[in-house]
Amino acid sequence: MVHVRFEGRSYDISDRELGVVSSLSDTALKERLAQYFDVSKNRFNSYVVDRRPSGDLIVRPEAVYG
């Protein structure tokens, strides 16, 4: 499962729907998400990919503190 926080909303997208495999790089994952959301791939440049021990992926904006 890929959990995505994009434009203030949360989405749960199945691995199969995105064609995600565990060996997929962060860059390739962000490119697939851009295609899925029909936006430019640079929209995900500053996003963080968190790979959980369960195999789930969390893709979210980078946290800014201060």
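Student: How would you explain the environment of Tyr 47 if you had to name every residue and give the values?
Tutor: Examined against the element boundaries, Tyr 47 turns out to sit in strand 3 (residues 47-51). Classification of Tyr 47 as buried rests on a relative accessible area of 11%. Apart from the residues lying within four places of it in its own chain, the contact partners of Tyr 47 are Arg 5, Phe 6, Glu 7, Lys 30, Val 59, Arg 60, Pro 61 and Glu 62.

Student: How would you sum up the side chain of Lys 30? Please name residues and give values.
Tutor: By secondary structure assignment, the location of Lys 30 is in helix 2 (residues 26-37). Of the side chains with opposite charge, Asp 26 comes closest to the buried, unpaired Lys 30, at an N-O distance of 5.8 Å.

Student: Could you give me a rundown of the pattern of salt bridges, with the residues and numbers involved?
Tutor: Across all of its chains, the model carries four salt bridges by this definition. The shortest N-O distance in the salt bridge between Arg 51 and Asp 26 comes to 2.7 Å. Taken together, the residues Arg 51 in strand 3 and Asp 26 in helix 2 connect sequence positions 25 residues apart. Across the salt bridge formed by Arg 52 and Asp 50, the nearest N and O atoms sit 3.1 Å from each other. Classification of Arg 52 by relative accessible area gives partly exposed; the value is 40%. Residue classification places Asp 50 among the partly exposed positions, given a relative accessible area of 26%.

What counts, and where the lines are drawn
Each chain has its residues counted from 1, running along the sequence as written. Per-residue local features are limited, in this predicted model, to residues with pLDDT of at least 70; the limit for side-chain atom pairs, both in listing and counting, is 80 or more; totals at the level of whole chains, interfaces and linings are taken over all residues. Side-chain numbers here rest on the full set of heavy atoms in the structure, without hydrogens or water. Strands are runs of DSSP state E lasting at least 2 residues, helices are runs of H or I lasting at least 4, and numbering of each runs from the N terminus. Each residue is placed in one exposure class: buried if its accessible area under a 1.4 Å probe, protein chains only, is under 20% of its type's maximum, exposed if it is over 50%, and partly exposed if it falls in between. Should any heavy atoms of two residues lie within 4.5 Å, those residues are considered in contact. His is not counted, nor are the chain ends; Lys and Arg add positive charge and Asp and Glu add negative charge. A pair is scored as a salt bridge if a Lys or Arg side-chain nitrogen falls within 4 Å of a carboxyl oxygen belonging to Asp or Glu.

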